[in-house]
Amino acid sequence: EAQVTQNPRYLITVTGKKLTVTCSQNMNHEYMSWYRQDPGLGLRQIYYSMNVEVTDKGDVPEGYKVSRKEKRNFPLILESPSPNQTSLYFCASSPQTLAGEQYFGPGTRLTVT
Amino acid sequence: EDKVVQSPLSLVVHEGDTVTLNCSYEVTNFRSLLWYKQEKKAPTFLFMLTSSGIEKKSGRLSSILDKKELFSILNITATQTGDSAIYLCAVVTGTASKLTFGTGTRLQVTL
């Protein structure tokens, strides 16, 4: 089944404890992206990648890192999480190099205490 | 700074009504405009619009883009309770595919 998977789906952690949220797609898509969704602020792009080893900042990259070593995987790394990173995170991929129709993962609910 | 504004913020209609959702934008280097529907969790794709004046249709949903006036509308005719969702508009900009989303319109369709 064509899909985007994210793990974990739910995570409660403490301030400063490094964490990684994995994202994987099995559709051979070029473009992948991370978003966070907060009430009243909508979806905001964190980072995106147009291809392997090509990543760029979205609107809210501070406090996050990404890597794209393989086409299928695009992990989101929080080196030192803070409470203001408590949010719902979505990974998405698109078959085009440019962002177009995107397939979203199921979301990761992160709480940082 | 790129801006995408959706209106109304929320809307309650009766089943069978027709609704029009609005999305206006002020961005640099526009590439395309996307509409998504978000029900419980992950958004699902509805339309991608790149050219002015060409209507995209899918069943009871349709959308059109006006690149001169910098807006798009999403129409839903003969609404059903299954149309209840948040509708998101996003604009793709730049040479490298940055996306900016609006905050969404929450639509509730009642019986």
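Everything in this summary refers to the structure shown in the same document.

Concerning the interface of chain B and chain A
Listed as interface residues are 21 residues of chain B and, on the opposing side, 25 residues of chain A. For the pair chain B and chain A, the two sides together bury roughly 1,800 Å², of which 58% comes from carbon and sulfur. Taken together, the connections running from chain B to chain A amount to one salt bridge. Taking the shortest distance from any N to any O, the salt bridge between A:Asp59 and B:Lys98 comes out at 2.8 Å. Here chain B and chain A share four residue pairs in polar contact (both at pLDDT 80 or more) between them. The set of elements that each furnish at least two residues to the side of chain B that touches chain A consists of strand E4 (30-38), strand E5 (43-49), strand E9 (85-93) and strand E10 (98-101) of chain B. If you tally residues by element for the side of chain B that touches chain A, the top one is E4(B), at five residues. When the residues that make up the side of chain B that touches chain A are grouped by side-chain class, the tally is 11 nonpolar, seven polar and three charged.

Things to note about the packing of aromatic side chains
Enumeration over the complete set of coordinates arrives at nine aromatic pairs over all chains. Ring centres 6.1 Å apart and planes at 20 degrees place the aromatic pair A:Tyr31 and A:Tyr48 in the stacked group. Placement of the pair is A:Tyr31 in strand E4 (residues 31-38) and A:Tyr48 in strand E5 (residues 42-51), with a sequence separation of 17 residues. Assessed through its relative accessible area of 5%, A:Tyr48 is described here as buried. Their ring planes at 90 degrees and their centres at 5.5 Å tell us that A:Tyr35 and B:Phe101 sit as a pair that is edge-to-face. Residue A:Tyr35 is located in strand E4, and its partner B:Phe101 is located in strand E10; the two belong to separate chains. Exposure class is identical for A:Tyr35 and B:Phe101. Each is buried.

Reading the values: the criteria
Chains are numbered independently. Their residues run from 1 in the order of the written sequence. As a convention, the first chain written is A and the first ligand written is 1, with the rest following in written order. Reporting of local features is limited, given that this is a predicted model, to residues whose pLDDT is at least 70; pairs of side-chain atoms are given and counted only at 80 or more, and all residues count toward the totals for whole chains, interfaces and linings. Side-chain metrics in this entry use all non-hydrogen atoms of the structure; hydrogen atoms and water are not considered. Contacts are assigned to residue pairs with any non-hydrogen atoms lying within 4.5 Å of each other. Defined here as a combined quantity, buried area equals the accessible surface (1.4 Å probe) lost by two parts on assembly, summed across both. Here a salt bridge means any side-chain nitrogen of Lys or Arg lying within 4 Å of a carboxyl oxygen belonging to Asp or Glu. Any pair of N or O atoms that falls within 3.5 Å is considered a polar contact. Within protein, one atom must be able to donate a hydrogen and the other to accept it, and sequence-neighbouring residues count only if both atoms are side-chain atoms. A run of H or I in DSSP counts as a helix once it spans at least four residues, and a run of E counts as a strand once it spans at least two, with each numbered from the N terminus. All amino acids are sorted into three groups, where Ala, Val, Leu, Ile, Met, Phe, Trp, Tyr, Cys and Pro are nonpolar, Asp, Glu, Lys and Arg are charged, and the leftover types, Gly among them, are polar. Here a Phe, Tyr or Trp ring, Trp counted by its six-membered ring, pairs with any other such ring whose centre lies within 6.5 Å, and the pair is stacked when the planes are under 30 degrees apart, edge-to-face when over 60, and tilted otherwise. Only protein chains enter the accessibility calculation, which uses a 1.4 Å probe; a residue whose area is less than 20% of its type maximum is buried, one above 50% is exposed, and one in between is partly exposed.

Nothing here speaks to function; it is geometry throughout.
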